[in-house]
Every structure is written in structure tokens, then in C-alpha cells.
Amino acid sequence: QVQLVVPIAVVFGPGSVPGDLPRPLPFRDMQEMEISVNLRTSVTSRYEMLYRSITGQEEAALAAATAREADAALHPLQDTTLGSLTMYVVPETSSLLPQGITVYVGKHRSALVRAGGSLAALQARLREVTQVMSFTAGSIAAALSDRVPDGQLSPDARRYLKSSLGYEITFSLLNPDPKSHTVDWDIEGAVNRYVKPVLDKLSLVANFSVDSQILYYAVLGVTPRYDKESSSFLLSAHSLPHVINPVEARLGSSAASLYPVLNFLLYVPERSHSPLYIQDKDGAPVSTNAFHSPRWGGIMVYNVEAPAYPQASLPLHVDVDMARVMEVFLAQLRLLFGLSREEVPPEFLLESPGNEGLADWELDHLLWAHTVENIATVSTTLTSLAQLLDKIGNIVIKDDVASEVYRAVASVQSAVTELSLGHLHAAFQASKEAVTSSERAFFDPSLLHLLYFPDDQKFAIYIPLFLPMAVPILLSLAKIVRETRQRKKEPTKMD
């Protein structure tokens, strides 16, 4: 049973204190919610709220002209502990938030919230903000997707990547028609400019490695349909799943990888199938001309403009606009990590994370989900190991395997304890250590079940070997016993 604790500081600015506070500031309050996963598993979320008055420095920061400037000024003054949140309550009449906006979520770990009049209205609003900035029942269910009954899981939950100690990202340029197109892409510069800031932020979650490749004569494997009206070729939504397998056979990146591989493919269609557009389920063209595959990656079709005059010499030189391509790939990367911002109420305003690709609270969102998933993974691994040992009575457990099991149990207990104390970073690190130790124990070569076999198999192996030798021995023993008995029956001769 896991308990997730979120420390929240609710800071009241001048003129924003509700009149029905139960006691004078500062005071503490607590709210609990149970997230039911299945009949045996449930996760308890506890929000520990500290209500206090604003300090002089924070009040000066809130005097900024815009919410963005206020968020930047408040950042050095607030608690930057992973998993903690700070809510600044501003008056209903405050001009800091735009008209019609009740909540502004910054790119750090704080939000600006309009006072709701009464404490109950404010608490309801704070609960919504906390769900957006920490975790929701849906994100926890997605992290524990292996334990949730299929009917209760949202379609998006299967899209997110499973927790891992590392990920490998491969950018591939597919040029099926090099005779017609010479394609140049500055992938190294684009990775340093757009991808590296995001991966630096995500380095707390896992290790990342990035590589790139150019594949020639690699076709999609699906023949697009020609549309006379638009004079273009179309890929329909139902044909997209058939694109992946032929392409994946050429990639070859996941064969020798220890970690999950994320594939991002830029496809320049051949001249005979240009321009090529992707259609959605309703038959409308997809604005990005790209699609993504759950837990695999994404593919973007990059059309080359036809030359102004037909007699242009081939191959045509193409310089890829990397800003447009990376914008799509980074959006797909966020989707694969479950960082989409789709379920936000209309009165919420979320600040763009900028070059870093994700806000501080989104990183916390990821850590909450991965910590819970790691704890569940360790539980499943150790249970499977225990069942294996129960089935094979004569299995030999080496001291190093036993120590890994003990370490995994101690680490997962530490992770659960740290979660219940609201220490997200320590809990995540302990859960990673638990996963590493449990996997080492489970996949230790000495525990290969083929090395051990039950007693009935031993009899089946050894009886055919020893029976031919045992028959003459048994006959000889029977003969000795018979001769001994006859000797006893014969009367002894007396001189």
C-alpha cells in the first residue's frame, strides 16, 4: 500500500484571505484521496497544506506587471524541493491574471490562484491545480497499467513509455530516392539546440543516449493513394500501422540495445509519390504531416517542393528545416512520456516551458508516476522470484543473489517510507536502486531454472542408467541370501 504525500504551501496575498478561515494564519490542513487500482491495490494521496500569510519579498514579486514576470521573480523565494508546490492566492480583482483566467500555472513549482470568495471554493480550486501539477488518478493508473483491468484503462495509458533506467533515442533520415533528392540535415546542431535542453532536464529520470543515421532506398512499404483533386498522394489513418514494420526492419537500432529505443523518422517521399500527405480518421489532412506510434516513436513526412521548371537537373538539393522538424519530434517525445497538456480546464493558463521542453512540475509529474511504477515492478519481480523458488525445492541461492534480494526489499521499503514523508527525489532514487537489485537477482545465471529439475525427472534420467547394473547385483544378492538359508537348514556333522 503506497501513500503519496504532496507538501503544499498556500500563500495569501493582501486582500485575498477568505472570511471563513477556521483559525488564524498560519495553520495546517490535510486532505486525503484514495485511488483504487484493483481489488487488492490502492494508492492513497495526501495533500499536506500549510496556509500562511505572504512575506514582504513575495509581495514585492507579486507587484510585477504580468504573471510571467511574477512567476520568474517568485522562483528564488519558494521551496524548490521536488514534489512540493506553492500556491499564491491573489484577490478576485487582481489584474495580474488575464480576464476569464482563474489559475496561472508557472514553469516552476508555483501557481497564481484567484481567491474564490469562500474557503470551500478556494479549496476546490486548489484541488484542481494540485491534480494538474502533481498527479491524477489517471496518471497513477497508467503507471500501474499492468495491474488495472483492461476495461478501466484509458486508451492513452498504453501510449506512455514504461519506466526504465535509460532510453536510447535514434533520429533517422529516410531517403528512398537518392537519385532525385540529395538531402542535408543538420542533426547534430538541432540535437544540441532543441533536444539537449530537454534531455538535461530529464536526466534526473533516466540516462539518455542519442544517435542518428541516414537510410537510403528505405521505402514505407505502403503504396499511397493518388488524389486527383489535390494532385497529391495520401496516406490514410488505417494504413499507418502497416508503415512501421517494413521501416523498422531497416533501422536495426533496437537489436543490440539494453534500453527501450525511441525512433524518430524523417521521411522524404520519392519523386513519384510527391507530395505525400497524411490523413486522420475523418479524412482531413494532418497539419504536422506526422504521426506517432505508442511506446515506439514517430514518423514525419517532409515534402520537397517541386522545381519551378521541369528540366531541373537531378538530384535536387534539399536543406531540411530542422526547427519545424524538431518541434514535431519534441511534441511526440512529450506524448510518449505522458506529458501532454490536454485535460486542463479552460480557465487555466499554463506557461510554456520554453527551451527546456518541460516545466519543473511536469518533471515532478513524471517522477511520481515512475516511482509508483518502479515499486510495482519490484513487487512483481520479487513475487515471481519467490514463486520460482517455491516450485524448485533444490535450487541453490548464492550469497550475492540473496544480498541483492535483501537490498531490493530494503530499497523498496525505503521508497515507500520516503513517499509517505513527501520526499519525492529520495523515493525515486530508492525505487531505481530497488529495480536494479531485483532485476539482478531475478536474471542471475545461477537461478536459471533449466539447471535444476524435480525428483520425477531425476528418476526418469537415472533409472535407465542404473537399472542394467542393478539387475545382476540384485540377482547376486538374492542368490547369496538363498544359499545362506540352505546352509542354516542343513544339519551340522558331529565327529
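Rules behind the numbers
Residues numbered from 1 in each chain as written. Predicted model: local features only at pLDDT ≥ 70, side-chain atom pairs only at ≥ 80, totals over all residues. Heavy atoms only, no water. UniProt positions renumbered as here; feature names shortened; annotations may be inferred. Helix = DSSP H or I, 4+ residues; strand = E, 2+ residues; numbered from the N terminus. Pairing = 2+ DSSP bridges. Axes fitted to C-alpha atoms, helices over the stretch in contact; angles between N-to-C directions. Core = buried A, V, L, I, M, F, W, Y, C linked by side-chain atoms within 4.5 Å. Buried < 20%, exposed > 50% of the residue type's maximum accessible area, 1.4 Å probe, protein only. Contact = heavy atoms within 4.5 Å. Patch = residues over 30% accessible without salt bridge, like charges linked within 9 Å, V, L, I, M, F, W, Y side chains within 5 Å. Areas by Shrake-Rupley, 256 points an atom, 1.4 Å probe, with all protein chains shown as cover. Salt bridge = Lys/Arg side-chain N within 4 Å of Asp/Glu carboxyl O. Left-handed = near helix turned anticlockwise from the far one by under 90°. Nonpolar A, V, L, I, M, F, W, Y, C, P; charged D, E, K, R; others polar. 1 Å grid on protein atoms, 1.4 Å probe; cavity = no way out; pocket = protein on both sides within 12 Å on 5 of 7 lines; lining within 4 Å. Points joined across faces, edges and corners; volume = space filled by probe spheres on them.

Going by an unreviewed UniProt entry, the protein carries the name PIGS transamidase and comes from Struthidea cinerea. UniProt annotates the protein under Pathway (unreviewed entry) with the comment "Glycolipid biosynthesis; glycosylphosphatidylinositol-anchor biosynthesis." What the UniProt record of the protein gives under Subcellular location (unreviewed entry) is the line "Endoplasmic reticulum membrane".

What follows deals with unusual backbone geometry. In this structure, the amide linkage connecting leucine 25 to the following residue, proline 26, adopts the cis form with an omega of -10°. Within the secondary structure, proline 26 sits in the loop between β1 (2–12) and β2 (27–36). With omega at -10°, the peptide bond leading from serine 274 into proline 275 counts as cis. The residue proline 275 is located in the loop between β12 (261–267) and β13 (276–278) in this model. Although it is not a glycine, serine 231 sits at a positive phi angle of roughly 55°. Here serine 231 is to be found in the loop between β10 (225–227) and β11 (232–235).

As a further point, take the sheet that holds β13. The strands making up a sheet associate through backbone hydrogen bonding, with each pair oriented either parallel or antiparallel. Judged by pairing direction, the sheet is mixed, and its three strands sit side by side in the order β10-β11-β13 without closing on themselves. The open sheet terminates on both sides in strands that have one partner only, identified here as β10 and β13. Neighbouring strand axes in the sheet, compared pairwise and without regard to direction, differ in orientation by 40° on average.

What follows concerns the UniProt feature "transmembrane region" (unreviewed entry) in the protein. In the UniProt entry, the feature "transmembrane region" (unreviewed entry) is given for residues 459–481. Spanning residues 459–481, this segment combines 100% helix with 0% strand, and its end C-alpha atoms are found 28 Å apart.

Attention now goes to the nonpolar core. The nonpolar side chains of a soluble globular protein tend to be buried with one another. With 94 residues, the main nonpolar core has Leu4, Phe171, Leu202, Leu266 and Phe337 as its most contacted residues. Of the residues forming this core, the biggest block, 10 residues, is contributed by helix α8 (residues 360–391). If near-sequence neighbours (up to four positions away) are discounted, leucine 202 is found in contact with Phe208, Phe337, Leu358, Leu363 and Leu366. Grouped together as the second largest cluster of nonpolar side chains are 20 residues, Ala218, Val222, Ile278 and Ile299 included.

Taken together, Ile461, Tyr462, Leu465, Phe466, Met469, Ile473, Leu474, Leu477 and Ile480 make up a surface patch of nonpolar side chains, about 930 Å² in accessible area. Mapped onto the fold, leucine 465 is located in helix α11 (residues 455–489).

Strand order across the open sheet formed by seven strands is β2-β3-β1-β4-β6-β5-β17, with mixed pairing between neighbours. With partners counted over all chains shown, the strands left at the sheet margins are β2 and β17 (348–350), one partner each. For this sheet the average axis-to-axis angle between neighbouring strands, irrespective of direction, equals 20°. One ladder, built from five bridges, connects strand β4 (residues 85–90) with strand β6 (residues 110–114); its direction is parallel. Counterpart to tyrosine 88 in the pairing with β6 is leucine 112.

Before going further, it helps to spend a moment on the packing of α8 against helix α9 (residues 399–420). Where α8 contacts α9, the two axes come as close as 11 Å, and the packing angle between them is 145°. Helix-helix and strand crossings are classified by hand; for α8 and α9 the assignment is left-handed. Contact residues: Trp368, Thr371, Ile375, Val378, Leu382 and Leu385 in α8; Val405, Ala408, Val409, Val412, Ala415, Val416 and Leu419 in α9. Residues of the contact of α8 with α9, tallied by class, amount to 12 nonpolar, one polar and no charged.

The next point concerns the layout of surface pockets. Quantified by volume, the second largest pocket comes out at close to 550 Å³. Taken together, 22 residues make up the lining of the second largest pocket; nearest its centre are Leu240, Val286, Ala290, Phe291 and His292. Only α6 (241–251), β14 (290–293) and α7 (322–336) provide two or more residues apiece to the lining of the second largest pocket. Of the residues forming the lining of the second largest pocket, the biggest block, six residues, is contributed by α7. Per-class residue counts for the lining of the second largest pocket are 12 nonpolar, five polar and five charged.

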